[in-house]
Every structure is written in structure tokens, then in C-alpha cells.
Amino acid sequence: VRGGLIEDNTDDLGQPTVKGGKVAWSATPSTSGIDDRASGVIGILTINESEVSLSLSLASTEAGKGLAITVKLAGESGAEFGIPRTRRTGERTGEPLDMVGRNPTDGEFLFVPSADTQAVKNIVSALLRSQWIDVPVRPQGGTSYTLTMELARPGHELISRAFENWNLLKETR
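Here's what I pulled together on the structure shown here. The structure presented is a predicted model; accordingly, all values stated were derived computationally and were not measured.

Details of the environment of G40
Step number 1: Following the sequence through the fold, G40 ends up in strand 3 (residues 38-47).
Step number 2: Placed 14 residues apart in sequence, G40 and S26 show a C-alpha to C-alpha distance of 8.6 Å.
Step number 3: Discounting residues that sit within four places of it in the chain, G40 has contacts with S26, A27, T28, L58 and W166.

The structure is reproduced here in C-alpha cells:
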């Protein structure tokens with residue numbers, strides 16, 4: 001599946017600089033071993049000719065009543081992350097997920113739904129309708145960029161199945 005790194009600065013024509021990459025989506029097996037339900041969904045983005053890579057994990061929290069996204073960055077030290085965004089193909093910018101950041105460590109950040117009772121529904125709905133997940137990155141002393149991951153069929157199918165297993169789909173209906 002497609003992915004990439006979009007630099008915030010622009011070229012002579014006003015277009016952002018884009019480096020192509022690839023995304024591999026997979027399910028994290030349940031730790032209980034009782035059934036075939038996934039305990040998480042993970043997307044791993046690698047960028048062509050770059051040391052930067054991104055791991056984005058979705059997991060259920062609070063016995064199926066919540067959702068957490070963990071973002072891990074490799075190849076860039078001391079960077080800060082913006083709230084993950086969702087967008088459709090053709091849009092230049094997307095909408096931030098209804099989340100807040102927690103417990104940052106170097107190279108890793110946890111995002112959880114905001115305190116709004118509607119937040120989980122908003123996040124589930126946004127992920128199911130979007131085609132891309134974007135993660136803004138602000139490196140120390142460098143140019144900001146966005147790492148982008150296409151969901152395509154593999155990502156959508158894994159996320160939909162996980163949301164169903166975690167009883168999050170009924171939240172959006």
C-alpha cells in the first residue's frame with residue numbers, strides 16, 4: 001500500500017516535496033490465545049531512500065469502550081508529533097482525530113480520545129470513511145513534515161474487523 005513523507009516546505013511551483021514509501025498493514029494477535037480476534041492493528045511505513053520509518057498501532061482500551069493510537073518514529077531523534085489526521089484522496093489536508101497526546105517519550109507518542117463522550121464515535125467514524133492517515137512530525141531544528149499512510153483495502157478490512165471485535169462499530173450506528 002502507498003505511503004510517503006510530505007515536507008512542509010514547497011518547491012519552485014509551490015508544491016510540497018514528497019518522498020514515496022510503502023505501508024504494510026497487519027493484525028496483532030490476541031494475547032489470550034482463546035480466539036482469533038486481533039488485539040491491535042498496526043501499519044508500518046517505510047520511506048524510500050530514507051532512514052525515517054513510522055509504526056502506527058491501534059488498540060482497544062477500557063474493555064472495548066475506548067481506542068488508543070501509538071505512534072513510533074525511527075530514524076529521527078527528538079521529534080514531536082501532531083495529532084493524527086484522516087483525509088480522503090485528493091485533499092491536501094485532513095481533519096485531526098478527536099484525540100489528545102499522552103506520555104511522550106523520545107520516538108513514541110500515545111494518543112487517546114479526548115474527554116468528550118462523543119470522541120470514540122468520531123474517531124471510529126473518521127477512520128472508517130477516510131483513505132489516508134497523516135501524522136505531522138516536528139523535528140528538533142528541522143523542517144516539519146507529514147508521514148502519510150494509505151489505508152486501502154488491507155487497512156480498512158483490518159480496522160473494520162478489529163472495531164467489530166472490540167464492539168466499537170455499534171458506537172457509530
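Focus on the packing of helix 1 (residues 119-129) against helix 2 (residues 152-165)
Step number 1: Where helix 1 meets helix 2, the axes come as close as 10 Å, and the angle between the chain directions of the two elements is 150°. For the element pair helix 1 / helix 2, the angle class is roughly antiparallel. In this structure, the crossing between helix 1 and helix 2 has a hand that is left-handed. Together, V124, L127 and L128 of helix 1 and H156, I159, S160 and F163 of helix 2 make up the contact between the two elements.
Step number 2: Of the residues belonging to the contact of helix 1 with helix 2, the class tally is 5 nonpolar, 2 polar and no charged.

Brief notes about the nonpolar core
Step number 1: Judged by nonpolar contacts, the single largest core of 39 residues is most densely connected at L58, L73, L147 and F163.
Step number 2: With 5 residues, the top contributor of residues to this core is helix 1.
Step number 3: Not counting residues up to four positions away in its chain, the partners in contact with L147 are G4, L5, L45, I47, V52, L54, L73, I133, D134, V135 and V137.

What about helix 1?
Because each turn of an α-helix spans 3.6 residues, side chains separated by three or four positions end up pointing in the same direction.
Step number 1: All buried positions along helix 1 are accounted for by A119, V120, I123, V124, A126 and L127. Looking straight down helix 1, one finds that the buried residues subtend no more than 165° of arc, so they occupy a single side.

Here's the deal with the layout of surface pockets
Step number 1: Approximately 450 Å³ is the volume attributed to the largest pocket.
Step number 2: Together, 20 residues line the largest pocket, and I6, R92, T93, D134 and T146 are the ones closest to its centre.
Step number 3: When residues in the lining of the largest pocket are grouped by element, the largest group, 5 residues, is from strand 11 (residues 132-138).

Looking at helix 2
Step number 1: Over its 14 residues, helix 2 extends 20 Å from the first C-alpha to the last, a length consistent with the 20 Å expected when each residue adds 1.5 Å.
Step number 2: Among the residues of helix 2, G155, L158, I159, A162 and F163 are the ones counted as buried. Down the axis of helix 2, the sector holding all buried residues measures 130°, keeping them to one side. Residues R153 and E164 are exposed on helix 2 and point more than 90 degrees away from its buried face.
Step number 3: For helix 2, the secondary structure elements touched by its buried residues are strand 2 (16-29), strand 3, strand 4 (53-61), strand 5 (66-74) and helix 1.
Step number 4: Just downstream of helix 2 lies N167, where phi reads positive at about 60°.

Considerations on unusual backbone geometry
Step number 1: Positive phi is not limited to glycine here, since E49 has a value of about 55°.
Step number 2: As for its position among the elements, E49 is in the loop between strand 3 and strand 4.
Step number 3: Even without a glycine there, the phi angle at A152 is positive, about 50°.
Step number 4: Considering the arrangement of structural elements, one finds A152 in helix 2.
Step number 5: For A152, a relative accessible area of 27% puts it in the partly exposed group.

Re the pairing of strand 11
Working note: regular strand, side chains alternate between the two faces of the sheet.
Step number 1: Among the 7 residues that make up strand 11, 6 are buried, leaving the element largely enclosed by the rest of the structure.
Step number 2: The pairing of strand 6 (residues 80-81) with strand 11 spans 2 bridges and is classified as antiparallel. Each residue of the ladder has a partner; that of F81, found in strand 11, is V137.
Step number 3: Sheet topology note: the strand 11/strand 12 (residues 145-150) ladder contains 6 bridges and is antiparallel. Bridge pairing in strand 12 links I133 to M149.
Step number 4: Count of turn residues in the strand 11/strand 12 antiparallel hairpin: 6 residues, of which G141 carries a positive phi of about 70°.

Calculation notes
Residues numbered from 1 in each chain as written. Predicted model: local features only at pLDDT ≥ 70, side-chain atom pairs only at ≥ 80, totals over all residues. Heavy atoms only, no water. Helix = DSSP H or I, 4+ residues; strand = E, 2+ residues; numbered from the N terminus. Contact = heavy atoms within 4.5 Å. Axes fitted to C-alpha atoms, helices over the stretch in contact; angles between N-to-C directions. Parallel < 35°, antiparallel > 145°, perpendicular 65-115°, else oblique. Left-handed = near helix turned anticlockwise from the far one by under 90°. Nonpolar A, V, L, I, M, F, W, Y, C, P; charged D, E, K, R; others polar. Core = buried A, V, L, I, M, F, W, Y, C linked by side-chain atoms within 4.5 Å. Buried < 20%, exposed > 50% of the residue type's maximum accessible area, 1.4 Å probe, protein only. Arc of directions from axis to C-beta. 1 Å grid on protein atoms, 1.4 Å probe; cavity = no way out; pocket = protein on both sides within 12 Å on 5 of 7 lines; lining within 4 Å. Points joined across faces, edges and corners; volume = space filled by probe spheres on them. Expected span 1.5 Å × (residues − 1). Pairing = 2+ DSSP bridges.

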